[in-house]
Amino acid sequence: MIPSKKLVTYATPRQFHGMSIPIAIQSVYLRDYAQRNNYLFSLPVTEVHYPTSYYSLANLFRSLQETDDFGSASILMFPLHDEVLFSRLFDLISGSSNPILHFPLEGISGE
């Protein structure tokens, strides 16, 4: 079966919630997830290694197309501790093509 949607992925080099997963491992994990779920895989957009920078993630959300969904190894990579920043990032998603969000470590998938 030919994939009809692309899984646009995101990775971060920084530690999140006490975990540090190398970007190469995140990428392999997301590629496997995409293949198992019949998505075209897009290499991860990688965040700058500054504690409060989500510039790359914000730009990724702005660039999503109609046939794109979003994947990140874990929802814990997001700024859950900063309600304002978290809200701003997800406002960008609602302003885009309303992709399905995938966080395979937690088993979360949905709009």
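What you are looking at is a predicted structure, and each value in this text was computed from that prediction instead of being measured. (Residues numbered from 1 in each chain as written. Predicted model: local features only at pLDDT ≥ 70, side-chain atom pairs only at ≥ 80, totals over all residues. Heavy atoms only, no water.)

1. Overview of the sheet that holds strand β5 (residues 108-110)
Basically, it comes down to this: DSSP-based pairing: two strands are paired if at least 2 bridges between them are found. A run of H or I in DSSP becomes a helix once it reaches four residues, and a run of E becomes a strand once it reaches two; helices and strands are each numbered from the N terminus. Where helices are involved, their axes are fitted lines through C-alpha atoms of the stretch in contact, as for all axes, and angles between N-to-C directions lie from 0 to 180°. Working rule for contacts: check all heavy atoms of both residues, and any pair within 4.5 Å makes them a contact.
Ordered in space as β2-β1-β3-β4-β5, the five strands form an open sheet in which the pairing is mixed. Each of the sheet's edge strands pairs with one partner strand only, and the pair in question is β2 (39-46) and β5. Along the sheet, successive strands turn relative to each other by an average axial angle of 20°, direction set aside. Bridge count for strand β4 (residues 101-103) against β5 is three bridges, and the pairing is antiparallel. Bridge pairing links Phe103 to Ile108 in β5. The sheet contacts of helix α1 (residues 23-36) involve β1 (5-11), β2, β3 (68-72), β4 and β5, and relative to β2 the element is tilted by about 160°.

2. Some thoughts on unusual backbone geometry
In this structure, His17 is a non-glycine residue whose phi angle is positive, near 50°. For His17, the position within the fold is in the loop between β1 and α1. In this structure, Asn38 is a non-glycine residue whose phi angle is positive, near 60°. Mapped onto the elements of the fold, Asn38 is located in the loop between α1 and β2.

3. A short note on the pairing of β1
Each regular strand displays side chains that alternate between the two surfaces of the sheet. Rules: To sort residues, take the accessible area from a 1.4 Å probe on protein chains only and compare it with the maximum for the residue type: under 20% means buried, over 50% means exposed, and anything in between is partly exposed. A right-handed crossover is one whose linking path, passing over the helix from the first strand to the second, runs clockwise when the strands point away from the viewer.
Judged by how many residues are buried, β1 sits mostly within the fold: five of seven residues are covered. Across six bridges, the pairing between β1 and β2 is parallel. Residue pairing for β2: Leu7 is matched across the bridge by Phe41. One crossover worth recording links β1 to the parallel β2 by way of α1, and it is right-handed. Alignment of β1 against β3, held across five bridges, turns out to be parallel. Bridge assignment links Tyr10 to a residue of β3, and that residue is Ser72.

4. Some remarks on the packing of aromatic side chains
The test is simple: In this analysis, rings of Phe, Tyr and Trp, with Trp reduced to its six-membered ring, are considered paired at centre separations within 6.5 Å, and the interplanar angle assigns stacked below 30 degrees, edge-to-face beyond 60, and tilted for intermediate values. Sitting over a ring, as applied to charges here, requires NZ of Lys or CZ of Arg to be within 6 Å of the ring centre and within 35 degrees of the ring normal.
Enumeration over the complete set of coordinates arrives at seven aromatic pairs. Taken together, a centroid distance of 6.4 Å and an interplanar angle of 65° make the contact between Tyr10 and Phe78 edge-to-face. Of the two residues, Tyr10 is situated in strand β1 and Phe78 in the loop between β3 and α3 (83-94); the sequence distance between them amounts to 68 residues. Like Tyr10, the residue Phe78 is buried in the burial classification. Cluster of aromatic residues (ring-pair linked, three or more members): Tyr10, Phe61, Phe70, Phe78, Phe86 and Phe103. Against the face of Tyr54 rests Arg14, its NZ or CZ located 4.4 Å from the ring centre.

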